[in-house]
Amino acid sequence: MLLGLAVVVALAATGVWNPFPGLWEWVDRSEPISEPDVVWQQRVGGTPRSVTIAGDAVVVEQRTRVEARSLATGTQLWERKADWSAVAGGDRDPVVAVGKLLVKGYELLDPATGATRRRDDDAVAVWTYRNLLLDARCTDATDCTLSAWDPRGTAPLWTAFLPGVHSGLLADNPGLRGTRRLTATRIDDGVAGAEPAPPLLGFPVDGRVHVVDTATGRVLQNVEPGRDERLSVVGGRMLRIAARSQDGTCYFAISARDPATGQEAWQRAGVNLRTAGSAGCVQREDPQGARNVLIGVGPDGREAVVDGYNGRLLWVGDPGTKLIAVDDRYAVFRAADKRSVVARELGTDRVLWTRPASGKAGAALTPYAAVVADEKPSRLAAVDPRTGRELAVLRTSANALAVGSQGMIVGEGREIGYVRFGAAGSSPARPPGDGGNPRPGGTGPGGGQNNGDCGPKGELCPDPDGGKDG
């Protein structure tokens with residue numbers, strides 16, 4: 001045995017024959033991440049903090065570096081040292097913003113090549129959307145400028161003044177005053193990728209909220225909340241959420257105002273938006289919701305989805321049901337019998353689909369697929385959100401990390417893999433406007449949608465009927 005080992009070492013040293021790379025590849029080979037097997041499976045350098053599909057590339061953010069891999073093959077395209085990254089743009093024009101913590105500035109990279117498209121040396125914060133990129137730079141603590149860019153643009157679309165920024169506004173996508181998304185076990189919070197920019201954004205600055213119109217850059221309001229209030233900007237409205245403690249419970253009231261005029265647009269009492277989680281009714285959290293809708297609990301304990309633009313009740317759950325995913329279009333909830341999940345179209349009584357699931361099933365809605373994660377046995381399923389048609393069903397304990405138009409990325413530890421949706425020629429439909437900005441109140445009948453950035457009331461887009469009724 002010693003003689004044979006010596007011969008092998010000698011052959012390897014002289015370059016005649018080296019079995020060690022192949023032997024190590026065999027030892028290090030990973031088990032398949034799912035059944036059926038994925039299109040490709042790769043081990044990345046560290047545990048991913050986020051994974052995003054950006055066009056034909058997969059951007060993997062790790063603790064101290066960012067890398068991109070081919071969506072088709074999984075091979076590495078490029079790697080960059082960075083502390084944070086975020087993807088802006090849609091399927092046709094994605095860019096990757098990268099930067100270092102506590103260091104001003106960022107770079108915008110091409111996801112396919114890693115080449116620098118634009119560099120900034122002064123910004124302290126960046127927000128990324130499908131149709132917009134925002135950054136903030138400050139000459140001193142009370143003199144900051146907010147700029148909006150087309151994801152691949154070279155000149156700002158507009159700039160706005162802000163009197164300082166919150167101390168937490170650093171790096172990528174620091175928190176603004178909007179909504180908190182529902183979360184699910186084994187489904188990454190960023191599985192849907194970048195969202196369209198909402199019509200209005202609320203920037204917290206020194207205890208006040210500055211409301212900025214994302215179409216024009218106008219600062220519409222500079223509001224200080226009352227002692228028992230929390231402010232949130234949802235669906236083109238400024239929400240004043242009041243919570244009053246009385247008789248051992250919390251009493252809630254919502255007043256939604258048009259920031260452009262200051263006039264009240266709607267009000268609703270008795271709906272708990274889950275902004276207060278302790279005795280005393282102190283509101284420390286944003287309301288739950290997504291895009292232009294809010295999630296609340298009525299006095300009878302039933303969950304409800306409220307249109308942030310006009311206050312309509314778009315969905316009210318039956319007793320015992322539990323909402324697990326929502327967006328502007330659909331609501332997905334666990335049935336009262338805890339044996340199935342059901343999808344409903346918001347604003348109607350129409351049930352779109354039902355599929356068997358346990359009482360611990362979670363879900364997420366993305367522009368291309370609804371993802372359902374279940375346990376015992378562990379499953380991940382991607383279905384068409386309109387019809388429930390199965391796009392991919394996996395036996396796996398991996399997590400759903402990112403969803404694109406043709407498939408999704410799953411991962412466990414350092415292993416990631418790509419699952420292609422459906423058979424040849426079948427894929428989920430592209431969302432309206434390829435991820436354009438939906439008009440507030442656009443859920444349900446009569447709401448309407450636009451396919452671009454038309455402002456909170458569609459005032460920036462031409463009337464297709466030439467201004468005529470009917």
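Residues numbered from 1 in each chain as written. Predicted model: local features only at pLDDT ≥ 70, side-chain atom pairs only at ≥ 80, totals over all residues. Heavy atoms only, no water.

Novice: Honestly, the overall build of the chain in this entry has me stumped. Any pointers?
Specialist: Helix and strand counts for the chain come out as two helices and 36 strands. Taken across its 470 residues, the chain has 50% of its residues classed as buried. For the chain, the share of sequence-separated contacts (at least 6 apart) that also reach a separation of at least 24 residues comes to 44%. About 22000 Å² of surface is accessible on the chain, with carbon and sulfur atoms providing 50% of the total. (Helix = DSSP H or I, 4+ residues; strand = E, 2+ residues; numbered from the N terminus. Buried < 20%, exposed > 50% of the residue type's maximum accessible area, 1.4 Å probe, protein only. Contact = heavy atoms within 4.5 Å. Areas by Shrake-Rupley, 256 points an atom, 1.4 Å probe, with all protein chains shown as cover.)

Novice: Sorry, what's going on with the sheet that holds strand β3 (residues 57-61) here?
Specialist: For sheets, the rule is that strands pair by backbone hydrogen bonds, running either parallel or antiparallel. As summarised here, the arrangement of the four strands in space is β2-β3-β4-β5, forming an open sheet in which the pairing is antiparallel. Either end of the sheet is taken by a strand with one partner, and the two such strands are β2 (50-54) and β5 (76-81). Going across the sheet, the axis of each strand differs from the next one's by a mean of 15°, ignoring polarity. Across five bridges, the pairing between β3 and strand β4 (residues 65-70) is antiparallel. Residue pairing across strands places Ala57 opposite Ser70, the latter belonging to β4. (Pairing = 2+ DSSP bridges. Axes fitted to C-alpha atoms, helices over the stretch in contact; angles between N-to-C directions.)

Novice: What exactly am I supposed to notice about the packing of aromatic side chains here?
Specialist: Each aromatic ring pair is summarised here by two numbers: the centre-to-centre distance and the angle between the ring planes. Applying the stated rule across the entire model yields three aromatic pairs. Geometrically, the ring pair formed by Trp40 and Tyr418 is stacked, given 6.3 Å between the ring centres and 25° between the ring planes. Within this pair, whereas Trp40 is found in strand β1 (residues 40-43), its partner Tyr418 is found in strand β36 (residues 415-420), the two being separated by 378 residues in sequence. In this pair, the class of Trp40 matches that of Tyr418, namely buried. Both rings, one in Trp315 and one in Phe333, keep their centres 5.2 Å apart while their planes meet at 35°; by these two values the pair is tilted. Taken together, the positions of Trp315 in strand β25 (residues 313-316) and Phe333 in strand β27 (residues 330-334) put the pair 18 residues apart, joining distant regions of the chain. The burial state of Trp315 is the same as that of Phe333; both residues are buried. Positioned over the ring face of Trp149 is Arg118, at 3.7 Å from the centre of the ring. (Phe/Tyr/Trp six-rings, centres within 6.5 Å; stacked < 30°, edge-to-face > 60°. Lys NZ or Arg CZ within 6 Å of the ring centre and 35° of its normal.)

Novice: Can you walk me through the nonpolar core in this structure?
Specialist: Nonpolar side chains tend to gather and get buried jointly when the protein is soluble and globular. Counting residues in hydrophobic clusters, the biggest one holds 22 residues, and the most contacted among them are Ile187, Val403, Met408, Val410, Val419 and Phe421. Secondary-structure elements contributing two or more residues to this core are β31 (370-374), β32 (379-383), β33 (390-395), β34 (399-403) and β35 (407-412). Here this core gets three residues from one element, more than from any other, and that element is β33. Setting aside its immediate chain neighbours within four residues, Val419 contacts Val38, Ala392, Leu394, Gln406, Gly407, Met408 and Val410. Counting 18 residues, the second largest nonpolar core, distinct from the first, contains Ala125, Tyr129, Leu146 and Leu201. (Core = buried A, V, L, I, M, F, W, Y, C linked by side-chain atoms within 4.5 Å.)

Novice: Could you clarify how one ought to interpret unusual backbone geometry in this entry?
Specialist: With glycine set apart, most residues show a phi of negative sign, and most peptide bonds adopt trans. Between Glu35 and the following residue, Pro36, the backbone shows a cis peptide bond with an omega angle of 0°. Structurally, Pro36 can be placed in the loop between α2 (20-27) and β1. With an omega dihedral of 0°, the bond running from Lys376 to Pro377 counts as a cis peptide bond. Relative to the elements of secondary structure, Pro377 occurs in the loop between β31 and β32. A positive phi angle is found at Asp247, which is not glycine, with a value near 55°. Mapped onto the secondary structure, Asp247 falls in the loop between β19 (237-246) and β20 (249-257).

Novice: I keep staring at the sheet that holds β27 and nothing clicks. Help me out?
Specialist: Ordered in space as β26-β27-β28-β29, the four strands form an open sheet in which the pairing is antiparallel. Each end of this open sheet is capped by a strand with a single partner; those strands are β26 (322-326) and β29 (351-356). The sheet shows a mean angle of 20° between the axes of neighbouring strands, direction not considered.

Novice: Please clarify how the confidence of the model for the chain should be interpreted in this entry.
Specialist: Detailed conclusions should not be drawn from predicted coordinates in areas where pLDDT is low. Of the residues in the chain, 83% have a pLDDT of 70 or more, and the chain-wide mean is 87. The low-confidence segment residues 21-29, where pLDDT is below 50, has one contact with residues more than four positions distant or belonging to other chains. Note on residues 432-470: pLDDT is under 50 here. Beyond four places in sequence and across chains, it has 74 contacts. (pLDDT = per-residue confidence, 0-100.)

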